[in-house]
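Residue strings, one per chain:
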Amino acid sequence: MSLQHALIDILADGKFHSGNELGEKLNVSRSAVWKALQQLRGFDVDIHAVHGRGYRLAEPLELLDSHTIQPALNAQTQNHLQSLDIIFDVDSTNAWLLKAQHKHAVVCLAERQHAGRGRRGRDWISPFAANLTMSLGWRFELDITAMSSFSLICGVAVVRALKRFGVAELGLKWPNDIICQGKKLGGILIEMRGESGGPCELVVGVGLNVRMPSSMVSIDQPWIDLQHAESISRNLLAASMIDELIDACIACSNGHFDDYLKDWRDLNIYSDKPVAIHMMDGSIVSGHFSDIDESGALLLQTSDGLQRFTCGEVSLRSG
Ligand code: BTN
């Protein structure tokens, strides 16, 4: 564990801790403590220093903790999971798993990403200890082309996990943006390692806004976090998310995912609504969101008839 990680672990209770106490507990000098505090401030952690009392966080934090997550996982997940890594600061949990050893199944969570990746080459903002930032690595024996609806199925899995905590007014924007009260609550980025035509290893990355700092004004679309919901433990939410994603991977491997597609249709925020499809080449196709097909492609009712779009090539906006 890095010094910053050990330090924030002590400060997470939101109480005052003197420089001496911190130095003794961490077995380092006061100046090393001060340097680590500065590094934490560089991550936008709000640390108050009061003369004669010491340091404390502006508010207590729930840090990710494998000792809380592991026992909360269901038996099926415990059977499949080979490793669960919690990283303090990483470029991207997806990138980390794609570089890691080939194991199955693996999960990686991070307190912070400094190069978080979103869909279509966009950045994903992941402030320290605020949100849920995680990836699951799973090896499928199937050719990837046989499971093109996986992207939609993962969206349903994330919504199912959120519903366990009573989060209401949830929906999905094709293919798998997680929407709450009409605003973006989270997103999913699926990346692949492996050759086409054979078994493939997928990394499913989920980013969910749990307690986004209000300073995050740079996000270029309406967003929401979970602060409006009952207080939700990030660790327990992570455990449910892992359970549901593994369920979804198993369903996809077995080809038993009809109930996921049914749920997806029920959650579709644009069902029968006018939408505009923005193509990579800048052109726009307008119509009504008619349905999805068995492969997860979007079926758009246009004035020229029904048109089919697969994800990756287009972006969807309200029409
Ligand atoms: C989107 O653009 O909507 C998808 C966002 C996916 C973000 C998650 S956070 C965990 C994982 N690691 C990444 O770098 N990206 C995904």
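Residues numbered from 1 in each chain as written. Predicted model: local features only at pLDDT ≥ 70, side-chain atom pairs only at ≥ 80, totals over all residues. Heavy atoms only, no water.

Undergrad: Help me understand the overall build of the chain, please; the structure alone is not making it clear to me.
TA: The number of helices and strands found in the chain is nine helices and 14 strands. Scaling as 2.2 N^0.38, a compact globule of 319 residues should have a C-alpha radius of gyration of about 20 Å, and the chain matches this with 21 Å. The principal-axis extent of the C-alpha atoms belonging to the chain is close to 75 × 40 × 35 Å. Each of the 319 residues in the chain was classed as buried or not, and the buried ones make up 52%. The long-range share in the chain, meaning contacts at least 24 apart out of those at least 6 apart in sequence, stands at 61%. Summed over its atoms, the accessible surface of the chain is roughly 14,800 Å², and 48% of this surface lies on carbon and sulfur atoms. Distance between charge centres in the chain, computed from 29 positive and 38 negative side chains, equals 6 Å. (Helix = DSSP H or I, 4+ residues; strand = E, 2+ residues; numbered from the N terminus. Rg over C-alpha atoms; globule rule 2.2 N^0.38 Å. Buried < 20%, exposed > 50% of the residue type's maximum accessible area, 1.4 Å probe, protein only. Contact = heavy atoms within 4.5 Å. Areas by Shrake-Rupley, 256 points an atom, 1.4 Å probe, with all protein chains shown as cover. Lys, Arg positive; Asp, Glu negative; His and termini not counted. Charge placed at Lys NZ, Arg CZ, Asp CG, Glu CD.)

Undergrad: For this particular structure, what's the right way to read the sheet that holds strand E13 (residues 305-309)?
TA: Strand pairing in a sheet is mediated by backbone hydrogen bonds. Such pairs are either parallel or antiparallel. Across the sheet, five strands lie side by side as E13-E12-E11-E10-E14; this open sheet has antiparallel pairing. Only two strands of the sheet have a single partner each, and these edge strands are E13 and strand E14 (314-318). With strand direction ignored, the average angle separating the axes of adjacent strands in the sheet is 45°. In this structure, strand E10 (residues 274-279) lies alongside strand E11 (residues 284-292), joined through five bridges in antiparallel fashion. Looking at the pairing, His278 lines up with Ile284 of E11. (Pairing = 2+ DSSP bridges. Axes fitted to C-alpha atoms, helices over the stretch in contact; angles between N-to-C directions.)

Undergrad: Sorry, what's going on with the nonpolar core here?
TA: Nonpolar side chains in soluble globular proteins generally cluster together in the buried interior. Ranked by size, the top nonpolar core spans 70 residues in total, and within it Leu132, Leu162 and Leu245 carry the most contacts. When residues of this core are sorted by domain, at least three fall in each of domain 2 (66-267) and domain 3 (274-316). Not counting residues within four places of it along the chain, the set of residues in contact with Leu162 comprises Val167, Leu170, Ile178, Leu185, Leu208, Leu226 and Leu237. One finds Phe43, Leu57, Leu61 and Leu63 within the second-largest nonpolar core, a separate group that totals 22 residues. (Core = buried A, V, L, I, M, F, W, Y, C linked by side-chain atoms within 4.5 Å. Domains from an automatic or database assignment.)

Undergrad: How do you make sense of the packing of aromatic side chains when you look at a structure like this?
TA: What describes a pair of aromatic rings is the distance from one ring centre to the other and the angle between the planes of the rings. For the coordinates displayed, the defined rule picks out six aromatic pairs. Both rings, one in Phe88 and one in Phe128, keep their centres 5.2 Å apart while their planes meet at 65°; by these two values the pair is edge-to-face. Note that Phe88 is positioned in strand E3 (residues 83-90) and Phe128 in the loop between strand E4 (106-113) and strand E5 (132-140), a separation of 40 residues in sequence. Side by side, Phe88 and Phe128 carry an identical accessibility label, which is buried. The rings of Phe43, Phe88 and Phe128 are connected pair by pair, giving a single aromatic cluster. Its end group placed over the ring of Tyr260, Arg160 keeps NZ or CZ at 4.0 Å from the ring centre. (Phe/Tyr/Trp six-rings, centres within 6.5 Å; stacked < 30°, edge-to-face > 60°. Lys NZ or Arg CZ within 6 Å of the ring centre and 35° of its normal.)

Undergrad: How should the side chain of Lys173 be read in this particular structure?
TA: Mapped onto the secondary structure, Lys173 falls in strand E6 (residues 170-173). The exposure class assigned to Lys173 is buried, which follows from its relative accessible area of 18%. Excluding residues that lie within four positions of it along the chain, Lys173 makes contacts with Ile179, Ile269, Tyr270 and Leu316.

Undergrad: What exactly am I supposed to notice about the domain arrangement of the chain here?
TA: Where the parts come together, the accessible area they lose is often given as the size of the interface. Looking at the chain, the domain boundaries give domain 1 (3-57), domain 2 (66-267) and domain 3 (274-316). Each of domain 1 and domain 2 was reduced to a C-alpha centroid, and the two centroids are 32 Å apart. Of the roughly 540 Å² buried where domain 1 meets domain 2, counting both sides, 79% is carbon and sulfur surface. Summed over the three residues of domain 1 that lose the most area to domain 2, namely His5, Ile8 and Phe43, the buried surface amounts to 77% of that side. (Buried area = accessible area lost by both parts, 1.4 Å probe.)

Undergrad: Help me understand unusual backbone geometry in this model?
TA: Negative phi values dominate among residues other than glycine, just as trans dominates among peptide bonds. Note the cis peptide between His104 and Ala105, where omega equals -5°. For the peptide bond that leads from Trp174 to Pro175, omega is 0°, which places it in the cis range. Tracing the chain through its elements places Pro175 in the loop between E6 and strand E7 (177-180). Although it is not a glycine, Ala129 adopts a positive phi angle of roughly 55°. Its place among the elements puts Ala129 in the loop between E4 and E5. Since its relative accessible area comes to 3%, Ala129 is described here as buried.

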